[in-house]
Amino acid sequence: MDPVRARFSATAAQVAARAEREIEPVREQIVRLLALRGDERALDVGTGAGVLALALAARRHAPANATFVEGDAASLPFEDGYFDLAGTRRTLHHMRRPELAIAELARVTARGGHVVVEDQIAPADPLAAIDLDRFEQARDPSHTRTLADADFRGLFDANGLVLERAERAIHRRELSPYLELAGCTGEDAERARALSPGGPDAYTAETVWFVLRR
């Protein structure tokens, strides 16, 4: 089993519990960022417990207007331009080739449609970015690299995606629940705490929602 599947299989209960709490806030965010008609054909890539998918479907649990398909984010099983809206949340830092996922999101989105990406962004200071990744990899072995703002924008430009909006947020992440969410316990947790960029109790993370026109 690859590291991502292993990590999320082992922590499925924690991820599902957190997802329940995130559906409504994500729905509110989507409604605020995008003027949706309500009949769009939408895709959530790397859905995990389905937060973005369920937020877009306007339901808390698997609704009739949502279908879950197992696939590869780097080779989506859909035709070109099939969706009005395609998005992914907090997945690219688990991928060794995030550029392939962005290319696929662009490919399956219709001209004039939207691509939405939400993820943590790396500090501008390259040494601080290295420290952040060292901590995240200690916490969660499926973590690859946190992309910087310039990395995201380069991937969008390379795929003809026009940035319409970028909304940043700062979060204080308490380490105890954050480590538990990744199944990081015992000596692994102590090692991760020692590497935390904000100290052993919490650290500050910056995330961003990118809204792009295809």
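Criteria and cut-off values
Residue indices begin from 1 for each chain and proceed along its sequence in written order. Selection of residues for local features in this predicted model requires a pLDDT of at least 70, selection of side-chain atom pairs for listing and counting requires 80 or more, and totals for whole chains, interfaces and linings are taken over all residues. Side-chain calculation: all heavy atoms of the structure are included, whereas hydrogens and water are not. Summary of the burial criterion: residues with accessible area below 20% of their type's maximum are buried, those above 50% are exposed, and those between are partly exposed, where the area comes from a 1.4 Å probe applied to protein chains only. Numbering of helices and strands runs from the N terminus; a helix is a DSSP stretch of H or I covering at least four residues, while a strand is a stretch of E covering at least two. The arc in question is traced by the directions running from the helix axis to the C-beta atoms. Here, residues are in contact when the closest pair of their heavy atoms is within 4.5 Å. Paired strands are those between which DSSP finds at least two bridges. Whenever a nitrogen or oxygen atom comes within 3.5 Å of another N or O atom, the pair is scored as a polar contact, on the condition that within protein one atom can donate a hydrogen and the other can accept it, and that pairs from neighbouring residues in sequence are kept only if both atoms are in side chains. Ring geometry is summarised as follows: Phe, Tyr and Trp rings, the Trp one being its six-membered ring, pair when their centres sit within 6.5 Å, and such pairs are stacked at plane angles under 30 degrees, edge-to-face over 60 and tilted between the two. Charge-over-ring placement is defined geometrically: NZ (Lys) or CZ (Arg) within 6 Å of the ring centre, and within 35 degrees of the ring normal.

A.B. asks: In this structure, what is going on with helix H8 (residues 186–195)? I would like to understand it.
C.D. replies: Along an α-helix, a turn takes 3.6 residues, which lines up residues three or four apart on a common side. Taken together, the buried positions of H8 are occupied by Ala189, Ala192 and Arg193. Down the axis of H8, the smallest arc covering the buried residues is 100 degrees, so these residues share one side. Exposed and facing more than 90 degrees away from the buried side of H8 are Glu187, Glu190, Arg191 and Ala194. Buried-residue contacts for H8 involve helix H5 (126–139) and helix H7 (175–181).

A.B. asks: When you look at the pairing of strand S5 (residues 202–213) in this model, what are you seeing that I'm missing?
C.D. replies: Looking down a regular strand, the side chains alternate between one sheet face and the other. Among the twelve residues that make up S5, nine are buried, leaving the element largely enclosed by the rest of the structure. With seven bridges connecting them, strand S3 (residues 109–120) and S5 associate as antiparallel partners. Bridge pairing links histidine 114 to arginine 213 in S5. Note that strand S4 (residues 162–174) and S5 share twelve bridges and pair antiparallel. Looking at the pairing, histidine 171 lines up with alanine 205 of S5.

A.B. asks: What is the right way to look at the environment of arginine 97 in this model?
C.D. replies: Here arginine 97 lies in the loop between strand S2 (83–89) and helix H4 (98–108). Residue arginine 97 is classed as partly exposed on the basis of its relative accessible area, which comes to 47%. Here the alpha-carbon distance between arginine 97 and threonine 144, two residues 47 residues apart in the chain, equals 9.5 Å. A polar side-chain atom of arginine 97 sits 2.3 Å from a polar atom in the side chain of glutamate 99.

A.B. asks: I'm lost on the packing of aromatic side chains in this one. Help?
C.D. replies: For any pair of aromatic rings, geometry is given as the distance between the ring centres together with the angle between the planes. Overall, the coordinates contain nine aromatic pairs when judged by the stated rule. With a centroid separation of 6.2 Å and an interplanar angle of 15 degrees, the aromatic rings of phenylalanine 78 and tyrosine 82 are classed as stacked. Feature note: the residues Phe78, Tyr82 and Phe83 constitute an aromatic cluster, connected by ring pairs. Between arginine 41 and the ring centre of tyrosine 82, over which it is positioned, the NZ or CZ distance is 4.2 Å. Residue placement shows arginine 139 over the ring face of tyrosine 178; its charged tip is 3.5 Å from the ring centre.

A.B. asks: Help me out: how do you make sense of the environment of serine 142 in this one?
C.D. replies: Relative to the elements of secondary structure, serine 142 occurs in the loop between H5 and helix H6 (149–158). Classification of serine 142 by relative accessible area gives buried; the value is 4%. Between the alpha carbons of serine 142 and arginine 96 there is a distance of 9.8 Å; along the sequence they are 46 residues apart. At a separation of 2.9 Å, a polar atom in the side chain of serine 142 contacts the side chain of histidine 94. Within the structure, serine 142 has its side chain in polar contact with the side chain of aspartate 140 (distance 2.7 Å).

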